[in-house]
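Chain by chain, the residues run as shown.
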Amino acid sequence: MDVHHPAMRAATQAPAPKPQSTFLGSVGLGLLIFAALIWAGQDDSQADTRHRAAAEQAHVKAAEERRAAAAARACEPGTTPAWIDATTVQCLRAR
């Protein structure tokens, strides 16, 4: 038997394995990409809340600094500013 003959070589070799179907892999990959897009599009409400709180805190601090500077300009040295209402400051002398 001549195993080197092309007809015999094909008969003696095992058939090539069929490649696995990639349909399920494609569907799985598509679902993974879809889930990633949905997740990326979601609003991060905790980060948004932290951002708003930090902005509010910075706004309040700036307002307090402006108010202290206005009181310092309104009062003479040696007096202590005391706010009566939102727009009125009274300068108190130390005894």
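The sections below set out a description of the structure shown in this document. Counting restarts for each chain: residues are numbered from 1 in the order of the written sequence. Where totals are concerned, whole chains, interfaces and linings use all residues; where local detail is concerned, this predicted model gives features only for residues with pLDDT of at least 70, and gives and counts side-chain atom pairs only at 80 or more. Heavy atoms throughout the structure, all of them, feed into the side-chain values; hydrogens and water do not.

### A look at the overall build of the protein
Inference 1: In DSSP terms, a helix is any run of H or I states spanning at least four residues, a strand is any run of E spanning at least two, and both are numbered starting from the N terminus. Scanning the protein from N- to C-terminus turns up three helices and two strands.
Inference 2: If you list the helices and strands of the protein from N to C, you get α-α-α-β-β.
Inference 3: Whether a residue is buried, partly exposed or exposed follows from its accessible area with a 1.4 Å probe, protein chains only, as a fraction of its type maximum: under 20%, in between, or over 50%, in that order. Counting across all 95 residues of the protein, residues that qualify as buried make up 3%.
Inference 4: Within the protein, counting contacts between residues at least 6 apart in sequence, those at least 24 apart form 0% of the total. What makes two residues a contact is simply this: any of their non-hydrogen atoms within 4.5 Å.

### Digging into a nonpolar patch on the surface
Inference 1: A cluster of nonpolar side chains, contributed by Phe23, Leu24, Val27 and Leu31, occupies part of the molecular surface with about 450 Å² of accessible area.
Inference 2: On the secondary structure map, leucine 24 appears in helix H2 (residues 23-41).
Inference 3: Among the residues examined, leucine 24 registers a relative accessible area of 68% and is labelled exposed. Exposure above 30% relative accessible area and no salt bridge define the residues that can form patches, which grow by joining like charges within 9 Å and nonpolar side chains of Val, Leu, Ile, Met, Phe, Trp and Tyr within 5 Å. A 1.4 Å probe and the Shrake-Rupley method give the accessible areas. Residues count as covered only by the protein chains that appear here. A pairing counts as a salt bridge when a side-chain nitrogen of Lys or Arg comes within 4 Å of a carboxyl oxygen of Asp or Glu.

### Things to note about the state of the cysteines
Disulfides are covalent bonds that connect the sulfur atoms of two cysteines.
Inference 1: Pairs of cysteine sulfur atoms within 2.5 Å are what we label disulfides. The final tally for this structure, using the stated rule, is one disulfide.
Inference 2: Here cysteine 75 connects covalently by a disulfide to cysteine 91, the sulfurs 2.0 Å from one another. Here cysteine 75 and cysteine 91 share a disulfide; its torsion about the S-S bond, -90 degrees, makes the bridge left-handed. Of the two residues, cysteine 75 is situated in the loop between helix H3 (45-74) and strand S1 (79-83) and cysteine 91 in strand S2 (residues 89-93); the sequence distance between them amounts to 16 residues.
Inference 3: For cysteine 75, a relative accessible area of 10% corresponds to the buried category.

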